Amino acid sequence: MDFVGAFSFDNLRFLLDGLQVTVSVSAISIVLSFLIGALAGTLRFSDIPVFSKILGLIIDIIRNLPLLLIIFFTYFALPQIGIRFDIFWSAVVALTIFESAMLSEIFRAGLNAVPNGQFEAGLSTGLSYIQTMVIIIIPQAFRSMIPAIISQLISLVKDSSLAIIISLPELTHHARIIYGQDTNYVLPMFVAMTASYFVICYLLSLLSRYLEHKRYKY
């Protein structure tokens, strides 16, 4: 083991470059998958004839596929039909597709958990369907969804390491290059990766606890 050599200035800078890519891919995927997942979950909850069933079938198919297969599909298969992304955006698209499907079920379950009386009460006051959803149903449902949503987003951050398979220059990829130069760097690099992922995921878990505390407070 050579921690001093492994954590030289050049190696640390190289690791930080990889970490920056990991954070960027995760952050963009989190925003996109949250928005798409919320929309898809709400549309499924609304039970639109035919459309909701088709959407539900698509979501179920995606949820039961390995994320690795979706990454391969976005990077290698889509170009065959004229849709091309670079490595960075292939990872973002794959993570967004997979996590949107997961989050949509969380949103749908959260909306279903709100008592029907709340919806009927909103309509009885003269609110439209959309107004009732936005003002009454979604805020109540979102509070109960917070822990599950944050947990899924933590999984997204960890799953970003799978993009190493398409040579995305993220943290794991850069760490592998460094310990490929010297086997004495293997353990230090795994320590660095462990610490980096732990910090990011722990910060998200602290956010979850904070939001839960706010939920119970109000």
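Everything in this summary refers to the structure shown in the same document. Within every chain, residues take consecutive numbers counted from 1 along the sequence as written. pLDDT decides what is reported in this predicted model: residues at 70 or higher carry local features, side-chain atom pairs at 80 or more are listed and counted, and totals for whole chains, interfaces and linings draw on all residues regardless. Calculated side-chain values reflect all of the structure's heavy atoms, with hydrogen atoms and water omitted.

## Remarks on the nonpolar core
- Ranked by size, the top nonpolar core spans 32 residues in total, and within it Leu15, Ile137, Ile149 and Met189 carry the most contacts.
- Only DSSP runs of H or I reaching four residues or more are called helices, and only runs of E reaching two or more are called strands; each is numbered from the N terminus. Listing elements by their share of this core, those giving two or more residues are α2 (9-46), α5 (87-113), α7 (129-159), α8 (171-181) and α9 (186-217).
- For this core, the leading source of residues is α7, giving twelve residues. Here, the term nonpolar core denotes a set of buried Ala, Val, Leu, Ile, Met, Phe, Trp, Tyr and Cys residues that are joined through side-chain atoms within 4.5 Å. Think of it in three bands: residues with accessible area under 20% of the maximum for their type are buried, residues over 50% are exposed, and the middle band is partly exposed, with areas taken using a 1.4 Å probe on protein chains only.

## Here we look at the packing of helix α6 (residues 116-124) against α7
- Helix axes are fitted only over the stretch in contact, all axes being lines through C-alpha atoms; the angle between N-to-C directions runs from 0 to 180 degrees. Close contact between α6 and α7 brings their axes to 9 Å; oriented N to C, the two are set at 140 degrees. When the axes of α6 and α7 are compared, the pair comes out oblique. The two elements α6 and α7 cross, and the hand of that crossing is right-handed. Across the interface between the two elements, Gln118, Phe119, Gly122 and Leu123 of α6 pack against Tyr129, Thr132, Met133, Ile136, Ile137 and Gln140 of α7.
- Looking at the contact of α6 with α7 residue by residue, the classes come out as six nonpolar, four polar and no charged. Roughly parallel means an angle under 35 degrees; roughly antiparallel, over 145; roughly perpendicular, 65 to 115; everything else is oblique. Left-handed is the label given to a crossing in which the near helix is rotated counterclockwise from the far helix by less than a right angle, and right-handed is the label when the rotation is clockwise. In what follows, residue pairs with any heavy atoms lying within 4.5 Å of each other are defined as contacts. All amino acids are sorted into three groups, where Ala, Val, Leu, Ile, Met, Phe, Trp, Tyr, Cys and Pro are nonpolar, Asp, Glu, Lys and Arg are charged, and the leftover types, Gly among them, are polar.

## Comments concerning the environment of Gly56
- Within the secondary structure, Gly56 sits in helix α3 (residues 51-63).
- Counting along the chain gives 147 residues from Gly56 to Leu203, while the straight-line C-alpha distance between them is 32 Å.

## Some remarks on the layout of surface pockets
- Using a 1 Å grid laid over the protein atoms alone, points where a 1.4 Å probe fits but cannot get out form a cavity; open sets with protein on both sides within 12 Å along at least 5 of 7 lines form a pocket; any residue with an atom within 4 Å of a point counts as lining. Grid points are joined across faces, edges and corners, and a volume is the space filled by probe spheres set on the points. Estimated volume of the largest pocket: approximately 160 Å³.
- As for the largest pocket, its lining consists of Ile62, Leu65, Leu69, Ile70, Phe73, Thr74, Leu78 and Ile97.

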